[in-house]
2 protein chains.
Amino acid sequence: MAKDKPTRRPRAETPKGFRDYFGADVTERKAMLDAIAEVYHRYGFDPLETAAVETVEALGKFLPDVDRPNAGVFAWQEDEEAASKAGDWLALRYDLTAPLARVAAQYRNDLPSPYRRYAMGPVWRNEKPGPGRYRQFYQCDADTVGAASVAADAEICAMLADALEAVGIPRGDYVVRMNNRKVLNGVMEVAGILDPANPDAYEDERGIVLRAIDKFDKFGEPGVRALLGVGRKDESGDFTKGAGLSEAQAEVITRFVGANRAVETLLGGIASEAIEQGAPYSRLTRAMYSFEEETGKPTATDPEAAFYRASVTTKYLRELVSGSVVGLEGVAELESIAALLAAQGYGPDRIIIDPSVVRGLGYYTGPVFEAELTFEILDEKGRKRQFGSVAGGGRYDGLVERFTGQKVPATGVSIGVDRLLAALREKGRAGGSAQGPVIVTVMDRDRMADYLGMAGELRRAGIRAEVYLGNPKQFGNQLKYADKRASPIAVIQGGDEAARGVVILKDLALGARIAAEASLAEWKAQPAQTEVPRENLVAAVLAMLGRG
Amino acid sequence: MAKDKPTRRPRAETPKGFRDYFGADVTERKAMLDAIAEVYHRYGFDPLETAAVETVEALGKFLPDVDRPNAGVFAWQEDEEAASKAGDWLALRYDLTAPLARVAAQYRNDLPSPYRRYAMGPVWRNEKPGPGRYRQFYQCDADTVGAASVAADAEICAMLADALEAVGIPRGDYVVRMNNRKVLNGVMEVAGILDPANPDAYEDERGIVLRAIDKFDKFGEPGVRALLGVGRKDESGDFTKGAGLSEAQAEVITRFVGANRAVETLLGGIASEAIEQGAPYSRLTRAMYSFEEETGKPTATDPEAAFYRASVTTKYLRELVSGSVVGLEGVAELESIAALLAAQGYGPDRIIIDPSVVRGLGYYTGPVFEAELTFEILDEKGRKRQFGSVAGGGRYDGLVERFTGQKVPATGVSIGVDRLLAALREKGRAGGSAQGPVIVTVMDRDRMADYLGMAGELRRAGIRAEVYLGNPKQFGNQLKYADKRASPIAVIQGGDEAARGVVILKDLALGARIAAEASLAEWKAQPAQTEVPRENLVAAVLAMLGRG
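S.K.: Whenever I open this one, the sheet that holds strand E1 (residues 21-22) of chain A confuses me. Can you help?
M.R.: Strand pairs in the sheet, formed through backbone hydrogen bonds, run parallel or antiparallel to each other. An order of E1(A)-E2(B)-E6(B)-E7(B)-E14(B)-E13(B)-E12(B)-E8(B)-E11(B) is seen for the nine strands of this open sheet, with the pairing classed as mixed. The open sheet has two edge strands with one neighbour each: E1 of chain A together with strand E11 (351-353) of chain B. Judged from the two bridges that link them, strand E2 (residues 46-49) of chain B and strand E6 (residues 115-124) of chain B form a sheet pairing that is parallel. Along E6 of chain B, the bridge assignment pairs Asp46 of chain B with Arg117 of chain B. Strands in contact with helix H13 (residues 325-343) of chain B are strand E8 (174-180), E11 and strand E12 (367-378) of chain B; relative to E8 of chain B, the strand with the most contacts, it is inclined by about 150°.

S.K.: Where do I start with the interface of chain B and chain A in this structure?
M.R.: The figure often quoted for interface size is the accessible area lost as the parts come together. In this assembly, 113 residues from chain B lie in contact with 113 residues from chain A. Of the roughly 9300 Å² buried where chain B meets chain A, counting both sides, 55% is carbon and sulfur surface. In this structure, Arg459 of chain B engages Glu155 of chain A in a salt bridge whose closest nitrogen and oxygen atoms are separated by 3.8 Å. Looking at which element gives the most residues to the side of chain B that touches chain A, the answer is helix H1 (residues 24-42) of chain B, with seven residues. Residues belonging to the side of chain B that touches chain A are distributed by class as follows: 53 nonpolar, 24 polar and 36 charged.

S.K.: What is the right way to read the pattern of salt bridges from this model?
M.R.: Counting across every chain of the model gives 79 salt bridges over all chains. Its salt-bridge partner being Glu370 of chain A, residue Arg177 of chain A comes within 3.1 Å of it at the nearest N-O pair. One end of the pair, Arg177 of chain A, is in strand E8 (residues 174-180); the other, Glu370 of chain A, is in strand E12 (residues 367-378), and 193 residues separate them in sequence. Given the relative accessible area of 4%, Arg177 of chain A is considered buried. Assessed through its relative accessible area of 13%, Glu370 of chain A is described here as buried. Arg485 of chain B is paired through a salt bridge with Glu466 of chain B; the nearest N and O atoms lie 3.1 Å apart. You can see Arg485 of chain B sitting in the loop between helix H17 (475-484) and strand E17 (489-492) and its partner Glu466 of chain B sitting in strand E16 (residues 465-467), a full 19 residues away along the chain. Within this structure, Asp46, Arg116 and Glu155 of chain A together with Arg459, Arg464, Glu466 and Arg485 of chain B form a network of salt bridges that share partners.

S.K.: Can you walk me through the relation of the copies chain B and chain A in this structure?
M.R.: In this arrangement, two copies of a chain are superimposed by a rotation about an axis accompanied by a shift along the axis. Superposing chain B onto chain A takes a rotation of 180° combined with a translation of 0.0 Å along the rotation axis, leaving an RMSD of 0.0 Å. On the angle and the small slide along the axis, the relation comes out as a two-fold axis. Proximity to the rotation axis, assessed at the C-alpha, singles out Trp76 of chain B in chain B; its C-alpha lies 2.9 Å from the axis. A shared binding surface is used by both copies, with 100% of the interface residues of chain B retained as interface residues in chain A.

S.K.: Teacher, can you tell me more about the pairing of strand E13 (residues 384-395) of chain A here?
M.R.: Both faces of the sheet carry side chains from a regular strand, because those side chains alternate between them. Residues and elements named next belong to chain A. Both E12 and E13 contribute to a ladder of nine bridges, which runs antiparallel. Note that in E13 the partner of Glu376 across the bridge is Gln386. Turn length for the E12-E13 hairpin, with the two strands adjacent in sequence and antiparallel, is five residues, and the turn residue Gly382 shows positive phi of about 80°. Strand direction decides the pairing type here: E13 and strand E14 (residues 410-416), joined by five bridges, are antiparallel. Across the sheet, the residue bridging to Arg395 is Thr411, located in E14.

S.K.: How should I be thinking about the environment of Leu228 of chain B in this particular structure?
M.R.: Residue and element names in this part refer to chain B. Structurally, Leu228 is set in helix H7 (residues 216-228). Accessibility expressed as a relative area gives 0% for Leu228, which makes it buried. Between the alpha carbons of Leu228 and Lys241 there is a distance of 9.1 Å; along the sequence they are 13 residues apart. Aside from chain neighbours lying at most four places away, what touches Leu228 is Val209, Ala212, Ala243, Gly244, Leu245, Ala250, Ile253 and Thr254.

S.K.: Before we go on, may I ask you to explain the sheet that holds strand E4 (residues 75-77) of chain B in this structure?
M.R.: Residue and element names in this part refer to chain B. Taken together, the three strands give an open sheet; going across it, the order is E3-E5-E4, and neighbouring strands pair in antiparallel fashion. Bordering the open sheet on either side are strand E3 (53-55) and E4, each of which pairs with just one other strand. Strand-to-strand, the axes of this sheet are offset by a mean angle of 30°, without reference to chain direction. By the bridge criterion, three bridges tie E4 to strand E5 (residues 89-92) in an arrangement that is antiparallel. From the neighbouring strand, Ala75 faces E5, where its bridge partner is Ala91.

S.K.: Honestly, the side chain of Glu78 of chain B in this entry has me stumped. Any pointers?
M.R.: Its location among the elements puts Glu78 of chain B in the loop between E4 and E5. Glu78 of chain B gets classed as buried once you look at its relative accessible area, which sits at 8%. At a separation of 2.6 Å, a polar atom in the side chain of Glu78 of chain B contacts the side chain of Arg135 of chain A.

S.K.: I'm lost on helix H17 (residues 475-484) of chain A in this one. Help?
M.R.: Helical periodicity: at 3.6 residues per turn, an α-helix aligns residues three or four positions apart in one direction. Residues and elements named next belong to chain A. For H17, the set of buried residues is Gln478, Tyr481 and Ala482. Each buried residue of H17 lies within a common arc of 100° when the element is viewed along its axis, so the set occupies one face. When the buried face of H17 is taken as reference, the exposed residues oriented beyond 90 degrees from it are Lys480 and Asp483. Ala486 sits one or two positions beyond H17 and adopts a positive phi of about 55°.

S.K.: What is the right way to read the packing of helix H16 (residues 448-460) of chain B against helix H21 (residues 537-544) of chain B from this model?
M.R.: For any two helices packed against each other, one specifies the inter-axial angle together with the distance between the axes. Residues and elements named next belong to chain B. For the pair H16 and H21, interaxial distance at closest approach is 10 Å and the crossing angle is 60°. By the criterion of interaxial angle, the relationship of H16 to H21 is oblique. Seen from above, H16 lies across H21 with right-handed handedness. Contacts between H16 and H21 involve Met454, Glu457 and Leu458 from the former and Leu537, Val538 and Val541 from the latter. A breakdown of the residues in the contact of H16 with H21 according to their chemical character gives five nonpolar, no polar and one charged.

S.K.: Where do I start with the side chain of Asp141 of chain A in this structure?
M.R.: Residues and elements named next belong to chain A. Examined against the element boundaries, Asp141 turns out to sit in strand E7 (residues 136-145). The side chain of Asp141 sits in the buried core without any salt bridge; Arg117 is the nearest counter-charge, 4.5 Å away. Separated by 2.7 Å, the side chains of Asp141 and Ser414 make a polar contact. Beyond its immediate sequence surroundings of up to four residues, Asp141 is in contact with Tyr40, Leu96, Thr97, Arg117, Tyr118, Ala119, Val413, Ser414 and Ile415.

S.K.: Looking at this model, I keep getting lost on the pairing of E17 of chain B. Mind explaining?
M.R.: Residue and element names in this part refer to chain B. With burial as the criterion, each face of E17 is covered, one bearing Ile489 and Val491 and the other bearing Ala490 and Ile492. Of the strand pairs in this sheet, E17 and strand E18 (residues 502-507) are connected by four bridges, and their pairing is antiparallel. Bridge pairing links Ile489 to Asp507 in E18.

S.K.: Looking at this structure, I do not really get the confidence of the model for chain A. What am I missing?
M.R.: Parts of the prediction with low pLDDT should not have their coordinates interpreted in detail. Residue and element names in this part refer to chain A. Scored by pLDDT, chain A comes out at a mean of 84, with 84% of its residues at no less than 70. Every residue in residues 1-5 is under pLDDT 50, and counting partners more than four places away or in other chains gives five contacts. For this predicted complex, the interface confidence comes out at an ipTM of 0.87, alongside a pTM of 0.88.

S.K.: Sorry if this is basic, but what is going on with the packing of aromatic side chains here?
M.R.: What characterises a pair of aromatic rings is the spacing of the ring centres plus the angle enclosed by the ring planes. Per the stated rule, a full pass over the model turns up 15 aromatic pairs over all chains. For the ring pair Phe74 of chain A and Trp76 of chain B, a centre distance of 5.6 Å and an interplane angle of 40° mean the geometry is tilted. Of this pair, Phe74 of chain A sits in the loop between helix H2 (56-59) and strand E4 (75-77) while Trp76 of chain B sits in strand E4, placing the two residues on different chains. For Trp76 of chain B, a relative accessible area of 2% corresponds to the buried category. On the numbers, 5.9 Å between centres and 40° between planes, the contact of Phe18 of chain B with Phe74 of chain B is tilted. Note that Phe18 of chain B is positioned in the segment before strand E1 (21-22) and Phe74 of chain B in the loop between helix H2 (56-59) and E4, a separation of 56 residues in sequence. When sorted by exposure, Phe18 of chain B lands in the same class as Phe74 of chain B, which is buried.

The rules behind the values
Residues numbered from 1 in each chain as written. Chains lettered and ligands numbered in written order. Predicted model: local features only at pLDDT ≥ 70, side-chain atom pairs only at ≥ 80, totals over all residues. Heavy atoms only, no water. Pairing = 2+ DSSP bridges. Helix = DSSP H or I, 4+ residues; strand = E, 2+ residues; numbered from the N terminus. Contact = heavy atoms within 4.5 Å. Axes fitted to C-alpha atoms, helices over the stretch in contact; angles between N-to-C directions. Buried area = accessible area lost by both parts, 1.4 Å probe. Salt bridge = Lys/Arg side-chain N within 4 Å of Asp/Glu carboxyl O. Nonpolar A, V, L, I, M, F, W, Y, C, P; charged D, E, K, R; others polar. Buried < 20%, exposed > 50% of the residue type's maximum accessible area, 1.4 Å probe, protein only. Least-squares fit on C-alpha atoms with pLDDT ≥ 70 in both. Polar contact = N/O pair within 3.5 Å; in protein donor to acceptor, adjacent residues only side chain to side chain. Arc of directions from axis to C-beta. Parallel < 35°, antiparallel > 145°, perpendicular 65-115°, else oblique. Left-handed = near helix turned anticlockwise from the far one by under 90°. Lys, Arg positive; Asp, Glu negative; His and termini not counted. pLDDT = per-residue confidence, 0-100. Phe/Tyr/Trp six-rings, centres within 6.5 Å; stacked < 30°, edge-to-face > 60°.

Have a look at this one:
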């Protein structure tokens, strides 16, 4: 890089794909993460904070080739002097699971087993940035390492539901959908694209099938059928190659994908139009109405009702995968989880079995789950759509094995922090928003000590307060500043007021409302401004803030 | 990097110079930062969170040369495809001030002015790691950009004192020491190693002088004198080249460095041996006793006492730099800050003028300050020493100018998070330590739903609780696990207890005490174990935790 313009000033720019967070962006996220951490803590999970940097070797997947690794991670080669050996490649972590696997292997003799941990922090992806697509973003994970029991998966699902409610997503506005990779593998086996004796065969076909299932919500059954067969042409004319399955093979897959719909039919097509339209999670409501008709029990959270629905689903799945050992094992696991959750009162209003859940990551080996927000928002084109997924996870028994050679069962969930925060804002539930400070204005530069004293008094009473520290010459600038800071009150004391032992309080919040709504006469009456004795400053400000 | 052993397993290792934080390491730091943020918030500071990654261009100082930049930062070159233009160099931030300067320039039309912001987060240094010296560590900064008034510096010092007290450092155990770079420059001018007409001359000499002053606490006056003259040989025989000043030149510098001691003499050498030995911050105490004798006023926080001491110091400094315009300007600034602080009651028990404060960073242009913890700890060799510096900062008017070409006044402080946390642990004041969870043991694998139900009940009552999710076969392993988790109580219910509708509560905290202290007979009596009706589980656990 030749310096042809050595005197050029540097550009003041956030690097492409990165962003800066100001004020409420920071405090709202923090309030949300604090609430989640509180739930995780109560479940016995301990915090873990690893460094942003890992060796490329430990991260895996992205091994350095001849030049430098650049497949999705930010990586660089160590200087010889600092490195344990010359030329170690280091990289920024791309998720919080890979560092956990490294930690679980490294400290396996010291950590409690099972090890429940949560982690919150930024991760980095070296991808092409786009609108709303950043190269640094937050994740918030909870995992249990060393527990083979499906009770660990059930616990994660219950904790996820609790966490969503703790941050302000009301019950009914979310649902945790659960599936099992083993059931999916059983279906693949029945469809003839997974051979337990030769597990590497048909890998391409299975990849296409997984992606097709994942697109079920988007393309519907015809689209999925096309992808299972020869392929699918989208509206723009682009062609996606299909898995090339026969009609009979495709039928097995589509029966699986359509399982939830089939279960609803089995539960009785009794839902009225009203329920269909009124309830965003109508599938669940319908299942419960059906239970209510049969048993006369009305509660949505009744453990029996929950288990009733789950057992209808698992019965359907068991028939679908009969003949596959792994498939039946998966159904049995789903049944156990459903029973554990139902017993704790986590009914289908919170957690359901949903065979259409796939989860993209290749490393899942058992139960998988996804939290979906079910309320509707308007998309960028003004169309109503469901908010969608905000968290996902599942069981991965192979990650620690990379290091130790021994299988270590593990299960966990990752919350998409930015998406969940966006959802809370949508619902007006993002906490932690900061009120602007009371501004003590500067009328007389020589009496700065007095003004600092006023701000200090206010702070000691727990009131956020500051003195205007710009050039005080133009008073208008001070009020503009107060406006920009969303200040509720300006405190004013010129020489005249000081001599009389008073201060003026200007109710800026009220002032703004009056400016917007009041007539000229009312405006002139200036009810938003009041004079109080200096010694009453704190009491008067508290009263004006409604905290008197 | 040829793969000669393609099947080798990756090493599970934290990269050299990085570390992992577990449990209380995370929660204690978080509690401390939350307390600091609360103080900053009350002072009207807003949070800012920039990305870990900046362009090398924006970071400055570390411009890429032909190969790659490696002077202290972790840097890499962008892939062409993702970069705004091919080959941008990116780097991990090495502090929180450089990103602030970039933000202040980039958003200068949108941010309030003055802009008060705080930032907390990790920074990265590509340095050779050593014991206790990590390549990722936390910083916690507060800065005011756009305020030329020394009231902004005074505010930062007062806020720093408040923050230290808020996290649990009692008044008297810390002192904020304040100086001014302009005074220092005035001294350099008087000593003849700074020429206002040719500011670049004698740069090397000034560098050596600054480092010598900074070593005053370590080497004492003889060591500093040697460094000001021909040089200094240390115990190992290593020679450090000196500044080559004449006796007369060196005299000016040493009079400056010794200013604080001279002030004490001026204040009267009345301190008794007792004060000398008993008070860790004896210099201050002495100054106050002297004031007390003169005026009869006893309070250490009396504004007059505070200002009295400051004015003795500034009088001494004024004489020292008389003849230097910038030096006198610096003294006047110190005087203003001292007056503002004294008026708010920040006496020499909290903030003092101390001419020996230098601060290493070249970019400071006016007031500089440093927070020192004054209590004693034992060093690695068992010797008593003062804890030392935990925060520092000052005024830097040139950083934003790099981007915009316009001078923007700024001042701020950075807290060394790890050192302050170590100090709190030393004093037993690190909060946020997590109590271990109540462990519900698993006696009967088929009744997992019951055990999960118990843990759920406990959690809903606000009690941290979990079910043992490892292999339940050996009960001893469950109790070992509870021990590792520092669990206060184990809940036990076998088939017999279930049939009788009871649970056993084992007070593990009490049990541990008994095991350590009790006789065998007492041990056998097992008072730490009790049986309660199942429906009284929550109430009994709360009572055992002392929260009944």
